[in-house]
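Below, each chain spelled out in residue letters.
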Amino acid sequence: APAIREIDRTTDKILNKMSNPNRPGNWYRAGLVVGHVQSGKTGNFVGLANKAMDCGFKIILVLTGMYNDLRSQTQGRLDKGAIGRITDPDDQNYKKHIGVGKYNGHPNIVNLTSSKLKGDFGSQKTDIGGILSATDPTIMVCKKNTAVLNNILRLFSQHGVVADDGLPIIPNIPLLVIDDEADSASINTEYNKGEISRINSKIRAILSLFER
């Protein structure tokens, strides 16, 4: 279908502008993708997440709006389009293969969040050390909420190594952050330079926690 070819083309274009996840050392690459309302932005970043995992990105963090229903809805799209199974533990079809999961040889993708309404990060027991040392990629869909972002920071930084500046850093694990609504809550809206708004500062801290 033309729509699928278009997603294939645009996601390739975006992927080519991203850093190679296997590039050694400490690096950071940021970019902005603009799309009209209802133009298939979610389909685009689901496709991009798949290609990024194929290339070697290990953790995909999708930041959605500020509400549970939006987060859960976005997780549902990633369940079908990337993870390939039902992630809601309360669903009678929990773990059943759906969407891309029905293809032979679909890789195992760990989910740290679920499509349950309150399935945000922290809703399920998580062995972060195991996730970082395993070869399987991981997807987490989180809302932009200070407590949730704090949780991510706290749990992941326990597995970092202490860098020269005394702060923990996670080496060799390429992280891709997809900020679904970058114009909502992510921007530093504080007027005074010293007061970076809370969500913005948490996102910055997560980005600087990962070496890649």
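Residues numbered from 1 in each chain as written. Predicted model: local features only at pLDDT ≥ 70, side-chain atom pairs only at ≥ 80, totals over all residues. Heavy atoms only, no water.

A. Region of the structure containing the layout of surface pockets. Of the volumes computed, that of the second largest pocket is approximately 250 Å³. If you go around the second largest pocket, the residues you meet are N50, M53, D54, G81, V100, Y103, H106, P107, I109 and P137. In terms of residue class, the lining of the second largest pocket is made up of six nonpolar, three polar and one charged. (1 Å grid on protein atoms, 1.4 Å probe; cavity = no way out; pocket = protein on both sides within 12 Å on 5 of 7 lines; lining within 4 Å. Points joined across faces, edges and corners; volume = space filled by probe spheres on them. Nonpolar A, V, L, I, M, F, W, Y, C, P; charged D, E, K, R; others polar.)

B. How the structure looks around the nonpolar core. Grouped together as the largest cluster of nonpolar side chains are 23 residues, with contacts concentrated most on F121, M140, I152 and F156. Looking at which element gives the most residues to this core, the answer is helix α5 (residues 146–157), with five residues. When near neighbours in sequence (up to four residues on either side) are disregarded, I152 contacts L61, F121, M140, C142 and I206. Counting 21 residues, the second-largest nonpolar core is a separate cluster that includes W27, L48, A52 and V141. (Core = buried A, V, L, I, M, F, W, Y, C linked by side-chain atoms within 4.5 Å. Buried < 20%, exposed > 50% of the residue type's maximum accessible area, 1.4 Å probe, protein only. Helix = DSSP H or I, 4+ residues; strand = E, 2+ residues; numbered from the N terminus. Contact = heavy atoms within 4.5 Å.)

C. Here's a closer look at empty space enclosed by the protein. Under the counting rule described, the total for this entry stands at one cavity of 30 Å³ or more. Here the largest cavity defines a volume of roughly 40 Å³. Those elements giving two or more residues to the lining of the largest cavity turn out to be β1 (59–64) and α5.

D. The sheet that holds strand β6 (residues 175–179), seen in detail. If you trace the four strands from one edge of the open sheet to the other, you get β2-β3-β1-β6, paired in parallel fashion. A single partner strand is all that each edge strand has here, and the edge strands are β2 (110–111) and β6. The pairing of β1 with strand β3 (residues 138–143) spans six bridges and is classified as parallel. By the bridge assignment, T64 is partnered in β3 with K143. Contacts from α5 reach β1 and β3 within the one sheet, and its direction differs from that of β3 by about 145°. (Pairing = 2+ DSSP bridges. Axes fitted to C-alpha atoms, helices over the stretch in contact; angles between N-to-C directions.)

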